[in-house]
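In case you want the letters, here they are:
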Amino acid sequence: MKKLLVLFAIFFTVITYGQKSVNDYKYVIVPEKFEFAKEKNQYQLNALTKFLLEKYGFSTVMKSAEKPAELQSNNCLALEADVQNNSGLFVTKMVFQLKDCYGNVVYATEEGRSREKDYKKAYHEALRDAFTSLEDLNYTYSEDPIVAETPKKESVAVSSTTEATNAAEKEVEDVEQNEMDVEDATIGATKGKFYTNDKALYFLEENESGYGFYQKGMAEPFAMLIDSDGSDNFIYNSLTKQGMAYFTDNGDLVVEIFDRQAGKSVKTTYKLQH
């Protein structure tokens, strides 16, 4: 009888764990480099992955970035993004996966495909095609006590941090209102170059992680442009928005973000001043 109870307990645990869904996880960690890639953010795939996850309602954190307090104390609150490259000679094939803190695959998309010959275009098209599987996923985080084991005291601390963050967001609200179409940018310009958008003047200042993005007259940057692969492609981070950006051949800065209220991607161009 005792053995039967033990076996039943083990069986119940396996069944309970097997019922886990993406809705039980609060964050998705995006690596700077996928296993099949030769360098960080090759072909902007990691930045695109982060962008697409945000588009479908996930809260993302780059693996090398500072983690929220609750995630630092319980890394099982997050899934880790992964991309499997199943490409053949003539067709680029990619599958997007979400893995738990033990390395188990919790979710995998249908295989995305592209017949583009250019590597970057092919990878982007195949990854975007794979992500269409998430349209029917309808992700919404629902706290699960089995996954979320953060102590109550720490939750209070996180709440205080959230309040402080909300206060900081309110301070930059006026600035970010003008950036609604632009936030989530990518820098590649050298210090001293200026850009204009909607009659406002902006400039970039180099720092350890990439660049600070300033509006003229501001003492602090309203966004950071993070150098992820040493090229002119960047990850854009502000207090309230995240996205990706790049430079055109004539030096203009293009920022792409997903506007959740409008339900579409929005591109904003900052014109380089010669």
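Residues numbered from 1 in each chain as written. Predicted model: local features only at pLDDT ≥ 70, side-chain atom pairs only at ≥ 80, totals over all residues. Heavy atoms only, no water.

### Thoughts on helix H2 (residues 45-55)
So, point 1. Among the 11 residues of H2, 10 are classified as buried, and the element is accordingly described as predominantly covered.
So, point 2. Those residues of H2 that fall on the buried side of the exposure criterion are Leu45, Asn46, Ala47, Leu48, Thr49, Lys50, Phe51, Leu52, Leu53 and Glu54.
So, point 3. Looking at the residues trailing H2, positive phi occurs at Gly57, about 90°. (Buried < 20%, exposed > 50% of the residue type's maximum accessible area, 1.4 Å probe, protein only. Helix = DSSP H or I, 4+ residues; strand = E, 2+ residues; numbered from the N terminus.)

### A word on the pairing of strand S11 (residues 234-238)
So, point 1. The element S11 is extensively covered by neighbouring structure, given that 5 of its 5 residues are classed as buried.
So, point 2. Here S11 shows no split at all, with Phe234, Tyr236 and Ser238 on one side and Ile235 and Asn237 on the other all buried.
So, point 3. Across 5 bridges, strand S10 (residues 223-227) lies against S11 in antiparallel orientation. Note on S11: the bridge partner recorded for Met224 is Asn237.
So, point 4. The pairing of S11 with strand S12 (residues 242-247) spans 4 bridges and is classified as antiparallel. Within S12, the residue paired with Phe234 across the bridge is Ala245. (Pairing = 2+ DSSP bridges.)

### With respect to the packing of H2 against helix H4 (residues 119-131)
So, point 1. The geometry of H2 relative to H4 is characterised by a closest axis approach of 11 Å and an angle of 25° between their N-to-C directions. Accordingly, the angle class assigned to the pair H2 and H4 is roughly parallel. Along this stretch, H2 crosses H4, giving a crossing that reads as right-handed. Each of Leu45, Leu48, Thr49, Leu52 and Leu53 in H2 lies in contact with H4, whose residues at this interface are Tyr123, His124, Leu127, Arg128 and Phe131. (Axes fitted to C-alpha atoms, helices over the stretch in contact; angles between N-to-C directions. Parallel < 35°, antiparallel > 145°, perpendicular 65-115°, else oblique. Left-handed = near helix turned anticlockwise from the far one by under 90°. Contact = heavy atoms within 4.5 Å.)

### Digging into a negative patch on the surface
So, point 1. Judged by side-chain charge, Glu116, Asp118, Glu125 and Asp129 come together as a negatively charged surface patch.
So, point 2. Asp118 gets classed as partly exposed once you look at its relative accessible area, which sits at 40%. (Patch = residues over 30% accessible without salt bridge, like charges linked within 9 Å, V, L, I, M, F, W, Y side chains within 5 Å. Areas by Shrake-Rupley, 256 points an atom, 1.4 Å probe, with all protein chains shown as cover. Salt bridge = Lys/Arg side-chain N within 4 Å of Asp/Glu carboxyl O. Lys, Arg positive; Asp, Glu negative; His and termini not counted. Charge placed at Lys NZ, Arg CZ, Asp CG, Glu CD.)

### Comments concerning the side chain of Thr109
So, point 1. For Thr109, the position within the fold is in the loop between strand S5 (105-108) and strand S6 (112-114).
So, point 2. Thr109 sits in the buried class, given a relative accessible area of 8%.
So, point 3. In this structure, Thr109 is in contact with Val95, Phe96, Ala130, Ser133 and Leu134, ignoring residues within four places of it in sequence.

### Looking at the pattern of salt bridges
So, point 1. In the structure shown here, the tally under the stated rule is 5 salt bridges.
So, point 2. The partner of Glu70 in a salt bridge is Lys26, and the shortest N-O contact between them spans 2.7 Å. Taken together, the residues Glu70 in helix H3 (residues 69-73) and Lys26 in the loop between helix H1 (2-18) and strand S1 (27-30) connect sequence positions 44 residues apart.
So, point 3. Judged by relative accessible area, Glu70 falls into the buried class, the value being 12%.
So, point 4. The salt bridge involving Lys271 is made with Asp252; its shortest N-O contact spans 3.5 Å. Linking Lys271 in strand S14 (residues 264-272) with Asp252 in the loop between S12 and strand S13 (253-259), this pair joins segments that are 19 residues apart in sequence.

### Considering H4
So, point 1. The end-to-end C-alpha distance of H4, which contains 13 residues, comes to 18 Å, matching closely the 18 Å that a straight helix rising 1.5 Å per residue would cover.
So, point 2. When we look at burial in H4, the residues that qualify are Ala122, Tyr123, His124, Ala126, Leu127, Ala130 and Phe131.
So, point 3. For H4, the elements touching its buried residues are H2, strand S3 (78-85), strand S4 (92-99) and S6.
So, point 4. Looking at where H4 begins, the residue whose side-chain oxygen comes 3.3 Å from the main-chain nitrogen of Lys120 is Asp118. (Expected span 1.5 Å × (residues − 1). Polar contact = N/O pair within 3.5 Å; in protein donor to acceptor, adjacent residues only side chain to side chain.)

### A short note on the environment of Arg113
So, point 1. The residue Arg113 is located in strand S6 in this model.
So, point 2. The spacing of Arg113 and Thr92 is 21 residues in sequence and 5.5 Å in space, taken between C-alpha atoms.
So, point 3. Contact partners of Arg113, with chain neighbours within four places excluded, come to Val91, Thr92, Lys93, Glu125, Ala126 and Asp129.
So, point 4. Among the polar contacts made by the side chain of Arg113, one reaches the side chain of Glu111 at a distance of 3.2 Å.

Interpretation note: all reported values are geometric properties and have no functional meaning in isolation.
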